[in-house]
Amino acid sequence: MNRRKFFASTGLSAAGLIVSESLFGINSKVETAQASTSALAGRYDIMKEVMKYPKIDAHVHVDLGNSDPAAQKKFAEVLIDYADRLNIRKLVLSKPVTRLIKGIPDGSVEAFIDHNNIILGVMKLHPDRFTGSFTFNPVHLKESMDEIKRCVDQGMVGAKTYYQTKISDPAFYPIVEKMIDLKMIIHTHAETQLGVGGYRMKYDGRKPLNVSIPEDFVAIAKRYPEGMFQHAHIGGGGDWEYMCKALKHSPNVYVDTSGSNNEEWMIDFALQELGEDRLLFGSDNMYYQSVGKILASNLNESQRKKIFFENFNNILRKGGHHVD
């Protein structure tokens, strides 16, 4: 059979198959199944499911790229709109210093004080809905300690650091001890990519060496078992399976569920490796995806309630800052 006859024959066969399916009722079966699925979908009210669970967003930012008060005020209304739509009772705001100077994160005292002032200003706009996490650079120990006191006195409830200094660096030790006294959690930007933070550097991740990786959290959590540490955004990119496995035996390290990567089974795998008491709901400003990934996972009612609200509220309760 030549090429022309082959395509003509297969084309007729395909056409015949379509006609045959119609004649023998196959299409009607498909249509019936589709109608049944549509009816089922019609009975599932996704927003009713969303609103059923009160939430605390343990990882959300103000406008990271802006220091203008008017712009921050406008962005705050976006956050409140998001919170109202998704039943977020409390948003834990942060503005770590992410600006790079010749590829190195800005670690100056002036920068972290300025960023904390922005958070304090935004908190005042909706004090019933907003709380905050202060930032600092532990290399500047005295100034960091002074800033922690100032921010705590004005209502902040935890810390959020970037990658100026690794969480396992000895410079962090006095800060961790202070946070233990305050009964507050330290939330740190973290990555689990090949080539990040000196880990397997032959695969160059093109990131500063001070990025915290899972091994850093394991080290600091082991040194300070009474401390509380939050590994940022399981969905922030990279090898989240490796991250979960690495942190499995560090019970005082929590992981927030935020991030723009929403691969299937991510939450289920984290639950399997870390348990239901160590996962914290967070958006990282990925609002609807952050809620959807929890609802799409194979969690029972109790686990959903813990992740959305109870786990972080229990952390806040230790320092007397819980949501009623």
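Residues numbered from 1 in each chain as written. Predicted model: local features only at pLDDT ≥ 70, side-chain atom pairs only at ≥ 80, totals over all residues. Heavy atoms only, no water.

**Things to note about the sheet that holds strand β9 (residues 253-256)**
Strand order in the open sheet formed by eight strands is β1-β2-β5-β6-β7-β8-β9-β10, and the pairing between neighbours is parallel. Looking along the sheet, the strands with just one partner apiece sit at the ends: β1 (55-61) and β10 (279-280). Packing of helix α12 (residues 301-318) onto the sheet brings it into contact with β1, β2 (88-94), β8 (229-231), β9 and β10, and relative to β1 it is tilted by some 80 degrees. (Pairing = 2+ DSSP bridges. Helix = DSSP H or I, 4+ residues; strand = E, 2+ residues; numbered from the N terminus. Contact = heavy atoms within 4.5 Å. Axes fitted to C-alpha atoms, helices over the stretch in contact; angles between N-to-C directions.)

**Looking at the environment of Lys48**
Residue position: Lys48 is located in helix α3 (residues 46-51). Judged by relative accessible area, which is 61%, Lys48 ranks as exposed. The spatial distance from the C-alpha of Lys48 to the C-alpha of Leu86 is 9.9 Å, given a sequence separation of 38 residues. (Buried < 20%, exposed > 50% of the residue type's maximum accessible area, 1.4 Å probe, protein only.)

**Concerning the packing of helix α5 (residues 109-123) against helix α6 (residues 141-153)**
Running from N to C, α5 and α6 point in directions that differ by 5 degrees, and their axes come no closer than 11 Å. With respect to their mutual orientation, α5 and α6 come out roughly parallel. Seen from α5, the contacting residues are Val109, Phe112, Ile113, Asn116, Asn117 and Leu120; seen from α6, they are Glu143, Ser144, Glu147, Arg150 and Cys151. Along the lines of polarity and charge, the residues of the contact of α5 with α6 split into five nonpolar, three polar and three charged. (Parallel < 35°, antiparallel > 145°, perpendicular 65-115°, else oblique. Nonpolar A, V, L, I, M, F, W, Y, C, P; charged D, E, K, R; others polar.)

**Observations concerning the pairing of strand β5 (residues 130-134)**
Counting buried positions along β5 yields five of five residues, so the element is predominantly enclosed. Burial along β5 is two-sided: the face carrying Phe130, Gly132 and Phe134 and the face carrying Thr131 and Ser133 are both buried. Of the strand pairs in this sheet, β2 and β5 are connected by three bridges, and their pairing is parallel. Across the sheet, Val92 pairs through a bridge with Thr131, a residue of β5.

**Points about the packing of helix α8 (residues 214-223) against helix α9 (residues 240-247)**
Two elements in contact, α8 and α9, have axes separated by 9 Å at closest approach and are oriented at 15 degrees. Considering their axes alone, α8 and α9 lie roughly parallel with respect to each other. Pair α8 / α9 crosses with right-handed handedness. Within the contact between the two elements, α8 uses Pro214, Glu215, Phe217 and Val218 and α9 uses Tyr242, Met243, Ala246 and Leu247. When grouped by side-chain class, the residues that make up the contact of α8 with α9 number seven nonpolar, no polar and one charged. (Left-handed = near helix turned anticlockwise from the far one by under 90°.)

By themselves these figures say nothing about function.
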